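# Examination of the molecular architecture
Chain by chain, the residues run as shown.
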Amino acid sequence: MAGVNVKSEIKPLKRVLLHRPGNELLNLTPNTLEELLFDDIPFLKVAQEEHDAFAQALRDNGVEVVYLEDLMTEVLDQNPDVRETFLKQFIEEAGIRTDRYQKIIFDYLNDNYPENKDLVLKTMEGINLTELHTDKSNSLVDLVSEASKMVVAPMPNLYFTRDNFAMIGNGVSINRMYSVTRNRETIYGEYIFKYHPDFKDVPQYYSRYNTFHIEGGDILNINDHVLAVGISQRTEPDAIDALAHNIFNDETSPIDTILAFNIPNNRAMMHLDTVFTQIDTDKFTIHPGIMGPLTVFEITPEGEGIKVKEMTGKLEDILEKYVGMPVELIPCGGGDRIAAEREQWNDGSNTLCIAPGTVCVYERNDVTNKVLEEKGIKLIVIPSAELSRGRGGPRCMSMPIWRED
Ligand SMILES: NC(=O)NCCC[C@H](N)C(=O)O
């Protein structure tokens, strides 16, 4: 199945991209949590068991699961020359500036990780100075450095595959991320969409080298011609303008409307999909906390450019116009303010829809889950004690590659 096809949030999911959390989580420390965008340190063994349960639940429901690490390994296996280019770029982007250290780290990775899969996983894990065995007698920097420190930082957010590149119809947005730590993750997308036979011909609507940031958690495919994008902590309006130009200029894309949802700028609601996801043809989950401040803008093509107008009226009415039928908004936490805030924090609104009316949810959000069941939604419930410490739910942990039309 070559290419990508995601023209809906809810149509039957056929192929999805995940990343199994790996040793990168072992390199989280209390002092680096804030910079690495975690709120606590997950217990890796249990996080992996939970993630495996997520992947198996998807397979049991007819979804093919592919892993980011495997796609990147295939790129390197099929293009032996690319290994060196990738490593050099990876080292540069890891902030290693001196020629001496660039060479030490290149040799360390190249010599100790001959298998491409091991190499890819190691780039995700990070490198501690103690691994490098440098001769301290001929460099001041080595002598004064702490004995144990990360010379190449880990990328613990990789299991949130939703964010660093995002499928839009038959194209992809390779994102410029908000944070330094997450911007490094997009290197895998750059190589996969340049070299992998399944993905190298996919039209690209955004580049990781652009100035303004945008993340996949803000991008929702409402249907084949309407896209919703959050203006959030992670996505700047300038990036949405640029994305709109690129999509409207692609003659093969049927998208003629982009709805920009202006949501509050804070960590709890970092992306649109932390407060709003579609779960059925006429149903969305929503965090009641966004209803007051939310404004929605409609972006459409005009000549060579775009036209933007602010929408007025209730969100249900705005959505009805684009979805083509009356819609119901189901509040996270069942409308109780404390339950809504607690469960939104643990991604109660962040559901992954695998077919109309069937969604994957975290077990811990039992108030929201009960409400969804009462509304006739079928739940695929996955364990979530450790995975949720990274602040993302089933939608954040998955990037659909193919949905049925
Ligand atoms: N789409 C999402 O909301 N993804 C969750 C990303 C969590 C990650 N720790 C982050 O702060 O970027």
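Residues numbered from 1 in each chain as written. Predicted model: local features only at pLDDT ≥ 70, side-chain atom pairs only at ≥ 80, totals over all residues.

## Some words on the sheet that holds strand S1 (residues 13–18)
Taken together, 3 strands build an open sheet; the order of strands is S2-S1-S19 and the sheet is mixed. Because the sheet does not close on itself, it has two edges, and the strands there are strand S2 (64–67) and strand S19 (399–403). When strand polarity is set aside, the average angle formed by the axes of neighbouring strands in this sheet is 25 degrees. Bridge analysis of S1 against S19 gives 4 bridges, and the strand direction is antiparallel. Opposite Arg15, over in S19, you have Trp402 as the bridge partner. Across the sheet, helix H2 (residues 68–78) lies against S1 and S2, angled at about 60 degrees from S2, the strand it touches most. (Pairing = 2+ DSSP bridges. Helix = DSSP H or I, 4+ residues; strand = E, 2+ residues; numbered from the N terminus. Axes fitted to C-alpha atoms, helices over the stretch in contact; angles between N-to-C directions. Contact = placed C-beta atoms within 7 Å.)

## Details of the pairing of strand S18 (residues 378–382)
Relative to S18, strand S17 (residues 358–362) runs parallel, the two sharing 5 bridges. Bridging from a neighbouring strand, Val361 pairs with Val381 of S18. Chirality of the crossover, the property in question, places the unit of S17, helix H13 (residues 366–374) and S18 among those that are right-handed. (Right-handed = clockwise from strand over helix to strand, strands pointing away.)

## Things to note about the domain arrangement of the chain
As assigned here, the chain comprises domain 1 (13–69 + 156–403) and domain 2 (70–152). Each partner contributes residues to the interface: domain 1 has 16 residues there, and domain 2 has 20 residues. Looking at the side of domain 1 that touches domain 2 element by element, the count peaks at 5 residues for helix H9 (residues 186–195). Along the lines of polarity and charge, the residues of the side of domain 1 that touches domain 2 split into 9 nonpolar, 4 polar and 3 charged. (Domains from an automatic or database assignment. Nonpolar A, V, L, I, M, F, W, Y, C, P; charged D, E, K, R; others polar.)

## As for unusual backbone geometry
Generally, phi is negative for residues other than glycine and the peptide bonds are trans, each holding for most cases. Here Leu37, not a glycine, exhibits a phi torsion of approximately 65 degrees, which is positive. As for its position among the elements, Leu37 is in the loop between S1 and helix H1 (44–60). Unusually for a residue other than glycine, Asp347 sits at a positive phi of about 65 degrees. Along the polypeptide, Asp347 turns up in the loop between helix H12 (337–345) and strand S16 (352–355).

## Re helix H3 (residues 82–93)
In an α-helix, one full turn covers 3.6 residues, which means residues spaced three or four apart are oriented alike. With 12 residues, H3 should reach 16 Å at 1.5 Å per residue; the first-to-last C-alpha distance of 16 Å fits that figure. For H3, the full list of buried residues reads Phe86, Leu87, Phe90 and Ile91. Along H3, the residues classed as buried sweep out an arc of 130 degrees about the axis, all on the same side. What points out from H3, more than 90 degrees from its buried face, is the exposed set Glu84, Thr85 and Glu92. Tucked into the core, H3 has its buried residues touching H2, helix H4 (99–112), helix H5 (116–125) and H9. The first or second residue beyond H3 is Gly95, which carries a positive phi of 90 degrees. (Expected span 1.5 Å × (residues − 1). Buried ≥ 20, exposed ≤ 12 C-beta atoms within 10 Å, placed from the backbone. Arc of directions from axis to C-beta.)

## Comments concerning the nonpolar core
Where a protein is soluble and globular, its nonpolar side chains tend to be buried together. Counting 99 residues, the largest nonpolar core has Met72, Val172, Leu227, Ile240 and Leu243 as the members making the most contacts within it. If you tally residues by element for this core, the top one is helix H10 (residues 237–248), at 7 residues. Both domain 1 (13–69 + 156–403) and domain 2 (70–152) contribute no fewer than three residues apiece to this core. For Val172, the contacting residues outside a window of four places in its chain are Val4, Phe165, Ala166, Met167, Phe193, Val202, Gln204 and Tyr205. Core analysis: the second largest hydrophobic core is formed by 5 residues, Leu25, Leu36, Ala47 and Leu387 among them. (Core = buried A, V, L, I, M, F, W, Y, C linked by C-beta atoms within 7 Å.)

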